[in-house]
4 protein chains.
Amino acid sequence: MTDQLIDQSVVDQTNEANRKALDADYAHLGEHLARRGIDIDAVLKKVSAYTVAVPSWGVGTGGTRFAKFPGTGEPRDIFDKLEDCSVINQLTRATPNVSLHIPWDKADPNRLKQAASRFGLGFDAMNSNTFSDAPGQQNSYRFGSLANYAKETRQQAIEHNLECIEIGKTIGSKALTVWIGDGSNFPGQVNFTRVFEYYLDAMKAIYADLPSDWKLFTEHKMYEPAFYSTVVQDWGTNYLIATELGDKAQCLVDLGHHAPNVNIEMIVARLIQFKKLGGFHFNDSKYGDDDLDTGSIDPYRLFLVFNELVDAELRQADGFEPAHMLDQSHNVTDPIESLIRSANEVRRAYALALLVDRKALEGYQQSDDALMASETLKVAFRTDVEPILAKARLDANGAIDPIAAYRKAGYRQRVAAVRPAVAAGGGGIV
Amino acid sequence: MTDQLIDQSVVDQTNEANRKALDADYAHLGEHLARRGIDIDAVLKKVSAYTVAVPSWGVGTGGTRFAKFPGTGEPRDIFDKLEDCSVINQLTRATPNVSLHIPWDKADPNRLKQAASRFGLGFDAMNSNTFSDAPGQQNSYRFGSLANYAKETRQQAIEHNLECIEIGKTIGSKALTVWIGDGSNFPGQVNFTRVFEYYLDAMKAIYADLPSDWKLFTEHKMYEPAFYSTVVQDWGTNYLIATELGDKAQCLVDLGHHAPNVNIEMIVARLIQFKKLGGFHFNDSKYGDDDLDTGSIDPYRLFLVFNELVDAELRQADGFEPAHMLDQSHNVTDPIESLIRSANEVRRAYALALLVDRKALEGYQQSDDALMASETLKVAFRTDVEPILAKARLDANGAIDPIAAYRKAGYRQRVAAVRPAVAAGGGGIV
Amino acid sequence: MTDQLIDQSVVDQTNEANRKALDADYAHLGEHLARRGIDIDAVLKKVSAYTVAVPSWGVGTGGTRFAKFPGTGEPRDIFDKLEDCSVINQLTRATPNVSLHIPWDKADPNRLKQAASRFGLGFDAMNSNTFSDAPGQQNSYRFGSLANYAKETRQQAIEHNLECIEIGKTIGSKALTVWIGDGSNFPGQVNFTRVFEYYLDAMKAIYADLPSDWKLFTEHKMYEPAFYSTVVQDWGTNYLIATELGDKAQCLVDLGHHAPNVNIEMIVARLIQFKKLGGFHFNDSKYGDDDLDTGSIDPYRLFLVFNELVDAELRQADGFEPAHMLDQSHNVTDPIESLIRSANEVRRAYALALLVDRKALEGYQQSDDALMASETLKVAFRTDVEPILAKARLDANGAIDPIAAYRKAGYRQRVAAVRPAVAAGGGGIV
Amino acid sequence: MTDQLIDQSVVDQTNEANRKALDADYAHLGEHLARRGIDIDAVLKKVSAYTVAVPSWGVGTGGTRFAKFPGTGEPRDIFDKLEDCSVINQLTRATPNVSLHIPWDKADPNRLKQAASRFGLGFDAMNSNTFSDAPGQQNSYRFGSLANYAKETRQQAIEHNLECIEIGKTIGSKALTVWIGDGSNFPGQVNFTRVFEYYLDAMKAIYADLPSDWKLFTEHKMYEPAFYSTVVQDWGTNYLIATELGDKAQCLVDLGHHAPNVNIEMIVARLIQFKKLGGFHFNDSKYGDDDLDTGSIDPYRLFLVFNELVDAELRQADGFEPAHMLDQSHNVTDPIESLIRSANEVRRAYALALLVDRKALEGYQQSDDALMASETLKVAFRTDVEPILAKARLDANGAIDPIAAYRKAGYRQRVAAVRPAVAAGGGGIV
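So, here is what we can say about the structure in this document. One numbering rule holds for all chains: residues counted from 1, following each sequence as written. Chains and ligands are labelled by the order in which they are written, letters from A for the one and numbers from 1 for the other. With the structure being a predicted model, the display of local features is reserved for residues of pLDDT at least 70 and the display and counting of side-chain atom pairs for 80 or more, all residues being used for whole-chain, interface and lining totals. The basis for every side-chain value is the complete set of non-hydrogen atoms in the structure, without hydrogens or water.

1. Quick word on the overall build of chain A
Scanning chain A from N- to C-terminus turns up 15 helices and 12 strands. Taken against the 2.2 N^0.38 rule, which gives 22 Å for 430 residues, the C-alpha radius of gyration of chain A at 22 Å falls within 12% of a compact globule. Between buried and exposed lies partly exposed: a residue is buried under 20% and exposed over 50% of the maximum accessible area for its type, with that area taken using a 1.4 Å probe on protein chains only. Counting only residues that meet the buried cut, chain A has 70% of its 430 residues in that class. Should any heavy atoms of two residues lie within 4.5 Å, those residues are considered in contact. Once local pairs closer than 6 in sequence are excluded, the contacts in chain A between residues at least 24 apart make up 79%. By element, 49% of the accessible surface of chain A is carried by carbon and sulfur atoms, the whole surface being about 13400 Å². Positive charges come from Lys and Arg, negative ones from Asp and Glu, while His and the chain ends are left out of the count. Every charge is mapped to an atom, namely NZ of Lys, CZ of Arg, CG of Asp or CD of Glu. Each charge sign in chain A was given a centre, from 45 positive and 58 negative side chains, and these centres are 1 Å apart. Secondary structure elements follow DSSP: runs of H or I no shorter than four residues count as helices, runs of E no shorter than two count as strands, and numbering proceeds from the N terminus. Using C-alpha atoms as the atom set, the radius of gyration is obtained and then compared with a globule rule of 2.2 Å times the number of residues to the power 0.38. Only the protein chains shown count as cover for residues, and the accessible areas themselves come from Shrake-Rupley with a 1.4 Å probe.

Here it is, written out as structure tokens:
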């Protein structure tokens with residue numbers, strides 16, 4: 001039995017208030033889906049089994065270069081963060097794993113394991129950080145890390161990644177995610193080819209030390225923090241990396257890391273086809289890497305990504321085993337609430353994609369029936385699957401309405417009483 | 001006689017080394033331009049008279065939400081900043097005015113005036129800051145300032161702007177620039193109309209207290225720090241504001257604050273035509289509000305903006321008197337160097353625009369000769385006017401090669417010995 | 001009694017097959033909405049009363065500069081087009097009005113009226129065309145129309161618009177929509193200010209002849225067919241036009257005519273606030289002015305637009321009376337089918353926006369509860385309102401499943417037997 | 001001795017008028033460059049040897065889906081086109097090769113060879129066309145060609161490409177360029193993976209028949225004519241294709257075929273590094289695939305692309321032998337004039353890139369001197385190399401001012417007297 005930081009009776013109480021309506025909605029949705037040839041319980045089962053990792057850093061309030069406005073009860077360290085993560089999982093029953101960021105979450109690995117297991121949590125991919133300087137660090141990453149012109153800086157970045165693997169081995173992680181901010185702000189600042197060679201060499205050194213049952217995820221991003229060129233700027237470069245490194249290397253897709261208008265679901269399909277889809281960092285965006293809550297801006301795009309994933313799952317695509325994680329910056333909401341709803345949104349997209357009539361779809365595709373093909377997706381998308389999601393939570397002792405339960409339980413106020421207030425920051429950067 | 005922080009003999013020495021080449025280049029360019037019907041000395045005179053303000057905050061190293069990597073000798077306060085600004089002006093002779101940001105630059109106004117006049121510097125527009133919380137501030141701007149739903153927060157933001165005017169009156173400023181980060185991160189978070197009404201009401205309160213010989217500049221920006229909607233999101237809204245407020249209110253155009261692909265020079269033309277162009281924040285960008293050095297990414301776009309400005313200048317457009325300022329974030333360069341070259345780039349764009357054969361251009365326009373019309377601009381643009389810029393600096397006791405002179409003078413090392421090192425920052429915000 | 005080109009018994013037959021399921025779905029949705037405090041019948045009533053105009057040119061197959069692939073049974077003239085439009089309305093009961101394009105639809109006005117009234121159709125806004133040359137036209141619009149440098153060309157374009165008004169007066173239209181392609185392909189080709197002055201003068205001449213009970217809609221577009229600058233490039237310029245002209249002039253928003261990432265719903269809110277929202281051209285897009293079927297790419301964005309419209313409707317915003325029209329290019333679908341489903345999608349967005357709990361929303365906005373505010377919109381959006389839409393159609397003798405009924409009725413095959421095949425086109429333009 | 005359609009005495013006459021100024025400018029530029037350590041004659045030699053192919057279809061007036069406004073003297077067939085191309089080469093001496101488009105340019109291969117050799121012209125890459133239907137074609141490409149769901153359509157498209165190879169073999173071409181418009185307009189319309197498999201299979205069939213000394217170029221494009229997904233949407237997919245096919249397959253980069261803000265020069269560097277850069281379609285754009293004259297919108301971007309090319313040339317990068325071609329749509333200019341100046345612009349970018357002080361650049365890169373590194377590029381870029389370009393033309397009997405010579409020779413008027421006027425087109429596609 002694991003510890004629960006939200007009093008289960010509060011959860012039960014809010015569930016009681018919603019149960020009757022849920023039962024009616026679920027029953028009717030079941031009838032409705034049956035008419036469409038879909039077994040709601042089969043969908044429920046799949047949805048219940050679907051989980052998404054939460055990032056440790058996601059439970060702290062984020063900010064921009066202009067300012068940071070902390071909330072109350074900000075976590076002080078990884079142990080506070082794990083407590084917050086446990087709350088998310090208790091209410092959603094969808095986020096049993098936490099992804100750590102080193103050095104932010106550096107701590108005695110045994111204490112980490114203990115703290116996590118107390119709440120029944122496990123650890124997802126390890127994340128290295130060579131995009132900012134840690135206090136006391138020998139060589140600065142101002143001009144790059146794994147792709148820095150200076151050999152000693154590259155070596156330092158390599159060793160940091162190896163250290164992340166070591167920590168991960170102890171706590172049961174099975175993957176390393178490498179995202180770097182390396183690039184340039186001005187034409188001419190770096191030689192594109194040279195720094196990519198540096199990067200590849202460095203990654204090969206890291207890959208060489210990767211345990212045989214681990215995966216190495218590399219993440220592309222168009223820009224920011226580099227504003228003219230970024231070393232791993234798109235999926236094309238990411239694919240080159242994964243190919244150069246080997247079978248354990250795969251590409252990570254962060255939904256917010258692409259050029260305007262790019263068709264992301266198609267990139268996902270290509271990576272699946274060529275066995276290089278490592279996984280996702282889920283979030284949503286309207287402009288750049290806005291890191292907003294998943295599904296909050298363009299829910300149909302999220303659905304279309306999951307449409308590819310379910311398609312690959314159903315045809316058992318070779319090498320298809322993507323890792324799913326949320327990666328968001330919560331600037332104006334309680335991070336726990338944002339992660340709760342985002343976990344739900346990811347599950348929603350998965351559930352909706354399961355409703356697609358794939359046989360009909362294929363028939364329309366083969367007969368060039370563009371209208372009915374697209375309507376087939378829309379019919380699935382506009383189904384309200386909240387009853388399925390709610391039931392999946394309820395059946396696992398989570399909350400029908402997790403935000404309401406969270407608020408009622410007063411968790412934020414409770415930790416705010418213990419965790420000291422953090423001063424608002426910002427200034428100097430315009 | 002004003003103080004000079006760069007030993008003039010160093011400047012003279014580097015000038016001596018370049019003078020002969022400059023003379024030859026200037027002489028030949030003069031001949032070449034004479035063939036095109038242009039009097040080089042007339043251009044030189046105009047260029048020499050052209051100045052651009054530097055922002056006090058620009059002399060500190062900038063950063064991103066991911067990290068900040070400070071340089072050496074970072075200015076500790078506004079007085080250090082004024083010293084750095086004086087160096088820029090001494091070498092370029094193009095930046096006699098400094099724009100302050102309150103509360104960052106808050107200090108005894110008399111000391112400010114004294115410090116500036118020591119170097120022969122003046123003060124440009126005052127900038128208020130309601131996009132981040134100052135220590136001890138009563139109401140947080142997390143959810144907005146002038147457009148906050150809470151009346152007391154709006155009032156606090158109004159008063160801050162009034163205080164900026166007061167300070168500005170003392171030190172000889174003649175304009176207030178208002179940029180706010182107000183907006184929302186999620187659909188539904190704010191009612192677009194309601195918060196714009198709040199904003200307009202607040203601005204009217206500020207405008208009411210504006211001295212009669214001042215201008216009020218409002219600055220639009222598409223996004224960041226708000227990632228779904230921004231209250232003053234584009235020039236359309238900015239124009240509405242300036243119109244609602246009155247004749248002293250005009251629009252400020254920051255080159256990096258527009259949607260991808262937008263034709264900025266056309267916006268400039270529209271604002272000139274409707275007498276609402278207040279001025280510019282110059283910088284350059286490839287992706288979003290990258291705040292890179294002016295002219296470093298798309299120098300032709302900068303030229304096209306100046307093509308509109310020179311056109312308006314020559315036809316003496318009614319109400320045309322724009323304020324020019326640099327506004328950049330220097331993350332990977334010495335800020336003084338970036339501002340030196342950027343001041344130069346702005347002057348270059350102005351000089352190039354002066355070379356446009358406007359009579360020929362008008363003729364081609366009237367005869368639908370698209371090819372020769374566009375070539376007329378290109379002929380001007382591809383002229384190398386560096387001899388004119390260099391001579392303008394030289395004639396005013398600046399440096400032919402200001403970067404070289406700056407480096408040779410060892411200013412950065414000198415201040416680094418006095419100003420304490422600043423720790424690298426970042427982390428926590430992904 | 002009006003003529004019906006689809007045998008009503010076919011419609012009835014398909015309705016019969018779906019009626020029981022519809023009844024069950026509608027009943028349950030009613031219960032569900034009642035729990036949320038919403039009266040489904042009130043929503044049904046509003047939705048039933050909501051209509052959207054179809055463009056005459058929309059029933060022909062569209063294409064790109066690369067090729068045009070006509071379908072079978074392409075309409076030969078406006079009378080064929082009116083027949084096709086009548087089919088759309090018969091099945092959807094949502095599109096009683098047709099918008100004409102002159103000179104494409106030029107015909108004896110009396111015959112036009114007669115043809116339309118045979119099907120119970122009316123006429124929406126008149127559309128002028130000065131973006132292409134009509135056979136035998138005196139002056140070419142290659143270099144512009146209302147903003148051409150040549151006075152006689154501008155005059156010709158003015159007269160064409162006046163002619164459109166004349167035709168419209170005869171057939172009962174009450175609005176003129178002016179969209180021009182005027183602009184430039186190269187920097188320097190036109191003087192931005194000069195051509196905008198020409199444009200404004202020309203529009204004033206047209207406005208002067210506008211009947212007192214008419215509206216004049218101007219439509220902005222960022223680019224295409226002009227690829228460097230467009231005279232009416234955005235809502236800012238569009239607003240200036242409407243303001244310069246007078247109260248009868250308002251802005252038309254085509255969803256596909258904006259820069260990447262632009263927040264369109266916010267533009268809609270601004271235009272409503274300043275009493276200048278004339279109406280919409282609905283479609284969807286992923287890249288540029290793709291003119292895809294409404295709601296097919298980003299249905300949440302469409303919902304957010306309607307969220308503004310319903311908000312204005314409910315608070316009875318002054319001057320709020322927007323015209324709604326579809327404007328799409330159907331390249332790979334049967335145009336009738338695309339218009340049927342698009343009419344449905346527009347109604348869907350309206351219905352969903354009606355479900356927003358506006359009181360709760362306002363409360364969350366006032367208390368800075370960004371998460372619950374955005375969830376309030378999402379709760380409305382994810383409701384499956386298809387039963388309401390279907391019932392609205394059914395109650396008005398339309399089809400529960402209009403695409404199925406249309407296909408079953410064999411209309412396309414029937415007209416294909418009469419209307420001659422059109423050769424595929426394209427080539428020469430790369 | 002080849003035929004010349006421009007009277008050489010006209011060329012000589014205009015050259016005479018400009019020669020003295022050119023001599024002075026060239027002499028001074030030589031001195032100036034010598035000071036920078038650059039031998040102007042060595043640059044002249046390289047520039048003189050640099051050529052770029054022109055597309056046969058480029059000499060006809062282009063258009064948009066909205067309208068086409070033909071000029072006078074439009075070429076009637078490939079033989080007229082070859083005459084126009086000869087004029088471009090005569091005046092620029094930079095475009096000795098013409099690229100054909102089949103079936104548009106289909107003709108007796110021997111006549112083609114004869115017609116070209118008459119003017120000393122050769123043939124560049126062959127271009128197949130499966131994005132529009134040719135008259136009498138069995139299967140339509142409406143729903144795709146090489147990636148069509150129907151096998152017989154794919155086979156037809158394969159055979160068309162094989163035919164292009166056959167024609168090319170006869171006339172001396174050594175490359176086939178394949179650009180397809182295949183994709184989809186709606187989510188669901190096609191299965192991304194399926195159609196890419198179809199495409200790859202079809203391309204393998206074509207590749208199998210490619211002569212051993214030929215190259216196969218595939219061209220990616222983000223969108224248009226397909227508006228939701230495009231099969232070969234970006235360089236990542238293009239790279240996969242080239243890798244799947246084999247060593248003779250390489251990627252073609254059209255400057256206008258990318259998402260907004262994408263760093264194209266970096267893509268060029270990646271393709272060079274991985275030996276897959278096949279060549280270029282040069283043009284310029286502000287919004288989408290605007291196909292404007294090369295260098296007319298963002299000349300610095302063009303320079304940055306050539307900076308990569310010259311870098312690869314100088315370090316003799318393995319497998320680096322890119323094909324250079326113009327690919328533009330001339331809607332508002334005389335196509336011959338646009339191609340003349342565009343050929344010049346490409347040469348200009350090459351000349352400017354040759355001026356980069358690469359040793360200094362590398363030093364700045366290694367010492368993280370971002371400012372001086374970027375200034376090193378800017379110093380090269382702002383040099384006015386027109387004297388070098390003009391002298392390269394003059395020395396080869398071309399024109400110092402080719403546009404002026406062309407106009408003076410009255411070529412357009414001459415052919416307009418012979419070639420019948422073409423009616424303006426457009427309409428029906430909105």
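Back to the text.
2. Here's the deal with the relation of the copies chain A and chain B
The copies are overlaid by a least-squares fit using only the C-alpha atoms of residues whose pLDDT is at least 70 in both copies. The two copies are related by a screw operation: chain A maps onto chain B through 180 degrees of rotation and 0.0 Å of translation along the axis, at an RMSD of 0.0 Å. Both copies are brought into coincidence by an operation consistent with a two-fold rotation axis. The rotation axis passes nearest to the C-alpha of Arg-65 of chain A in chain A, at a distance of 2.2 Å. By residue overlap, the copies meet face to face through one surface: 100% of the interface positions of chain A are interface positions in chain B.

3. Re the interface of chain A and chain B
Size of an interface, as often reported, equals the accessible area lost when the parts are brought together. Contact residues are listed per partner, giving 56 residues for chain A and 56 residues for chain B. Two parts lose some accessible area (1.4 Å probe) when they are put together, and adding that loss for both gives the buried area. Carbon and sulfur atoms make up 64% of the surface buried where chain A meets chain B, a total of about 5000 Å² over both sides. Should a side-chain nitrogen of Lys or Arg be within 4 Å of a carboxyl oxygen of Asp or Glu, the pair is scored as a salt bridge. Between the two partners, chain A and chain B, sit six salt bridges. With a closest N to O distance of 3.1 Å, Glu-224 of chain A and Arg-65 of chain B form a salt bridge. Here a polar contact means two N or O atoms within 3.5 Å. Within protein one must be a hydrogen donor candidate and the other an acceptor candidate, and residues neighboring in sequence count only if both atoms are side-chain atoms. Across the chain A-chain B interface, the total number found is 13 residue pairs in polar contact (both at pLDDT 80 or more). Three residue categories are used. Nonpolar comprises Ala, Val, Leu, Ile, Met, Phe, Trp, Tyr, Cys and Pro, charged comprises Asp, Glu, Lys and Arg, and polar comprises the others, including Gly. The class makeup of the residues in the side of chain A that touches chain B is 25 nonpolar, 18 polar and 13 charged.

4. Considerations on the sheet that holds strand E10 (residues 277–282) of chain A
Residue and element names in this part refer to chain A. The parallel open sheet is built from eight strands, whose spatial order is E1-E3-E4-E5-E7-E9-E10-E11. With one partner strand each, in any of the chains shown, strand E1 (54–55) and strand E11 (323–326) form the two edges of the open sheet. Sheet topology places E10 next to E11; four bridges connect them, and they run parallel. Across the sheet, the residue bridging to Phe-280 is His-324, located in E11. Under this scheme, a helix contributes an axis fitted over its contacting stretch, all axes are lines through C-alpha atoms, and angles between N-to-C directions fall in the 0 to 180 degree range. Helix-sheet contacts for helix H5 (residues 151–171) involve strand E3 (97–102), strand E4 (122–128) and strand E5 (175–178), and the interaxial angle to E4 is about 175 degrees. At least two DSSP bridges between two strands are required for those strands to pair.

5. Some words on the packing of helix H3 (residues 78–92) of chain C against helix H10 (residues 335–354) of chain C
Residues and elements named next belong to chain C. At a minimum axis separation of 10 Å, H3 and H10 run at an interaxial angle of 40 degrees. Overall, the two elements H3 and H10 adopt an arrangement that is oblique. The handedness of the crossing between H3 and H10 is right-handed. Contacts from Asp-84, Val-87, Ile-88, Leu-91 and Thr-92 of H3 reach H10 at Ile-336, Leu-339, Ile-340 and Arg-347. Here the residues of the contact of H3 with H10 are counted per class, giving six nonpolar, one polar and two charged. Roughly parallel means an angle under 35 degrees; roughly antiparallel means over 145; roughly perpendicular covers 65 to 115; every other angle is labelled oblique. For any pair of crossing helices, the crossing counts as left-handed if the nearer helix is rotated counterclockwise from the farther one by less than a right angle, and right-handed if it is rotated clockwise.

6. Overview of unusual backbone geometry
Cis geometry is adopted by the peptide bond preceding Pro-225 of chain A, which originates at Glu-224 of chain A and carries an omega value of 15 degrees. With respect to the helices and strands, Pro-225 of chain A occurs in the loop between strand E7 (215–219) and strand E8 (229–230). Of the consecutive residues Ile-102 of chain C and Pro-103 of chain C, the connecting peptide bond is found in the cis state with omega at 15 degrees. On the secondary structure map, Pro-103 of chain C appears in the loop between strand E3 (97–102) and helix H4 (109–118). Positive phi, normally seen in glycine, also occurs at Asp-368 of chain A, with a value near 55 degrees. Overall, the relative accessible area of 27% leaves Asp-368 of chain A in the partly exposed class. Residue Asn-397 of chain B is not a glycine yet carries a positive backbone phi of 75 degrees. For Asn-397 of chain B, a relative accessible area of 47% corresponds to the partly exposed category.

7. A closer look at the interface of chain C and chain D
Contacts between the two partners involve 57 residues from chain C and, on the opposite side, 57 residues from chain D. Here chain C and chain D share an interface that buries about 5000 Å² over both sides, 64% of which is from carbon and sulfur atoms. At the boundary of chain C and chain D, one finds six salt bridges. Our count for the chain C to chain D interface comes out at 13 residue pairs in polar contact (both at pLDDT 80 or more). Elements represented by at least two residues in the side of chain C that touches chain D include exactly strand E2 (67–68) and strand E12 (425–426) of chain C. Looking at the side of chain C that touches chain D residue by residue, the class counts come to 25 nonpolar, 19 polar and 13 charged.

8. Describing the pairing of strand E9 (residues 249–254) of chain D
All names here are of chain D. Counted residue by residue, E9 has six buried out of six residues, so it is predominantly covered. Pairing analysis gives four bridges linking strand E7 (residues 215–219) to E9, with the strands arranged parallel. Bridge pairing links Thr-218 to Cys-251 in E9. Where E9 lies against strand E10 (residues 277–282), four bridges are found, and the strand directions are parallel. Across the sheet, Leu-252 pairs through a bridge with Gly-279, a residue of E10. With the strands aimed away from the viewer, a crossover counts as right-handed if its path from the first strand over the helix to the second runs clockwise. With helix H8 (residues 264–273) bridging E9 and its parallel neighbour E10, the resulting β-α-β unit is right-handed.

9. Side note on the pattern of salt bridges
Where charged atoms of side chains with opposite charge meet at close range, the side chains can pair. Counted by the stated rule, this structure contains 152 salt bridges over all chains. Close ionic contact of Lys-215 of chain A with Glu-321 of chain A constitutes a salt bridge, the shortest N to O distance being 3.7 Å. Residue Lys-215 of chain A is located in strand E7, and its partner Glu-321 of chain A is located in the loop between helix H9 (299–314) and E11; the two are separated by 106 residues in the primary sequence. By relative accessible area, which is 21% here, Lys-215 of chain A ends up partly exposed. Because the salt bridges share partners, they merge into one network encompassing Asp-293, Arg-341, Glu-345, Arg-348, Glu-386 and Arg-393 of chain A together with Glu-375, Lys-378 and Arg-382 of chain C.

10. A few points about the packing of aromatic side chains
Aromatic contacts are taken between Phe, Tyr and Trp rings whose centres are within 6.5 Å, Trp giving its six-membered ring; a plane angle under 30 degrees counts as stacked, one over 60 as edge-to-face, and the others as tilted. Summed over all chains, the structure comprises 82 aromatic pairs over all chains. With a centroid separation of 6.0 Å and 70 degrees between ring planes, the pair formed by Tyr-50 of chain A and Phe-306 of chain A is classed as edge-to-face. With Tyr-50 of chain A in the loop between helix H2 (40–49) and E1 and Phe-306 of chain A in helix H9, this pair connects stretches of sequence that are 256 residues apart. Grouping residues by exposure puts Tyr-50 of chain A and Phe-306 of chain A together as buried. Among the aromatic residues, ring-to-ring pairing joins Tyr-300, Phe-303 and Phe-381 of chain A together with Tyr-300, Phe-303 and Phe-381 of chain C into one connected group. Over the aromatic face of Tyr-207 of chain A sits the side chain of Lys-248 of chain A, whose NZ or CZ is 5.0 Å from the ring centroid. Here the basic side chain of Arg-341 of chain B rests over the ring of Phe-186 of chain A, its NZ or CZ set 4.8 Å away from the ring centre. The rule for a charge over a ring is simple: NZ of Lys or CZ of Arg within 6 Å of the ring centre, and within 35 degrees of the ring normal.

11. A few points about helix H2 (residues 40–49) of chain C
Note that an α-helix has 3.6 residues per turn; residues three or four places apart therefore point the same way. All names here are of chain C. Within H2, the full set of buried residues consists of Ile-40, Val-43, Leu-44 and Val-47. Along the axis of H2, the buried positions cluster into a sector of 100 degrees, meaning they face one direction only. Those residues of H2 that are exposed and angled more than 90 degrees off the buried face are Lys-45 and Ala-49. If you follow the buried residues of H2, they end up packed against helix H1 (8–35), H10 and helix H13 (386–395). Here H2 starts with a cap whose side-chain oxygen sits 3.0 Å from the backbone nitrogen of Asp-41, and that cap is Asp-39. An arc is given here, and it is the one of the directions from the helix axis to the C-beta atoms.

12. Observations regarding the side chain of Arg-393 of chain B
Residues and elements named next belong to chain B. Note on placement: Arg-393 falls in helix H13 (residues 386–395). Here Asn-344 takes part through its side chain, which lies 2.2 Å from a polar atom of the side chain of Arg-393. With residues near it in sequence (within four places) discarded, Arg-393 still touches Leu-91, Thr-92, Arg-93, Asn-344, Arg-347, Glu-386, Gly-398, Ala-399, Ile-400 and Pro-402.

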